[in-house]
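Notes for the structure review
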Amino acid sequence: MALLVCRDLAVGYDGKSVLEGISFKVEKGDYLFITGANGTGKSTLCRIITGLYRATGTVSLNNELLKRKRRTQESFFVQQDSDYQLYAPTVLDEFFLGKKKTAERKETSLSLLREMGLSDFMDRHPASLSGGQKQRLLLALAAASERRFLVFDEPTSGLDGFNMRMAIKLLKRLAERGCCILLITHDMELIAEAADNVLYLEKGKVRYHRNIQR
């Protein structure tokens, strides 16, 4: 069963086409790797899917056609520059920004920090973490967000092989739980090791979309 269905997505600026006729499906339990050269529209596509940009075409999740506002409300977008997405005084406090501090949420947060190898840093200021640690924290925050669209722009930058596999394990679990996972990446090692669904963009169009059997 298709989790995500995008049909005929297109957008242009100043009379110039940026994306044209983008259509694809993602099955439940899979996550989509979006790749291609710089400037081909990868980030633009993700911003359309999550409702941040206007475009023509449709986006459906679990057979439900979602308008822009709804998609934005249900999205968590992890960008490359993690410094602009971490605001709380401690790592643990990041999980409670804008949310009620319940015992259940605290336990979920601590469990995710353990899973990402960050439990020893929960009382540290996020700015004191390394680049790779910040990436892992954002992965944990995305998992705790309970949003249905999770988008990661180069999520393994700064991660070594061990931590990359740990991150992919978490992402796979989220996909199997029913989240729609989109990953923008140039990391061929990551694609070779973990991808089961790859969308390659070239000059604003889909050059190929392949399911990889493992």
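Residues numbered from 1 in each chain as written. Predicted model: local features only at pLDDT ≥ 70, side-chain atom pairs only at ≥ 80, totals over all residues. Heavy atoms only, no water.

Quick look at the packing of aromatic side chains now. In the structure shown here, the tally under the stated rule is two aromatic pairs. Judged by centre distance (5.5 Å) and plane angle (55°), the ring pair of Tyr 31 and Phe 33 falls under tilted. When the ring of Tyr 200 is compared with that of Tyr 208, the centres are 5.2 Å apart and the planes differ by 15°; the resulting orientation is stacked. Assessed through its relative accessible area of 21%, Tyr 200 is described here as partly exposed. The ring of Tyr 31 carries Lys 172 above its face, with NZ or CZ at 5.3 Å from the centroid. The positively charged end of Arg 210 is found above the aromatic ring belonging to Tyr 208, 4.1 Å away from the centroid. (Phe/Tyr/Trp six-rings, centres within 6.5 Å; stacked < 30°, edge-to-face > 60°. Buried < 20%, exposed > 50% of the residue type's maximum accessible area, 1.4 Å probe, protein only. Lys NZ or Arg CZ within 6 Å of the ring centre and 35° of its normal.)

On to the pattern of salt bridges, then. In the structure shown here, the tally under the stated rule is eight salt bridges. Here Arg 114 makes a salt bridge to Glu 107, at a shortest N to O gap of 3.3 Å. The salt bridge partner of Arg 207 is Glu 202, with a shortest N-O separation of 3.2 Å. Residue classification places Arg 207 among the exposed residues on the basis of a relative accessible area of 55%. Taking the relative accessible area as the measure of exposure, Glu 202 reaches 35% and is therefore partly exposed. Among the charged side chains, a network of salt bridges with common partners joins Glu 64, Arg 70, Glu 74 and Arg 148. (Salt bridge = Lys/Arg side-chain N within 4 Å of Asp/Glu carboxyl O.)

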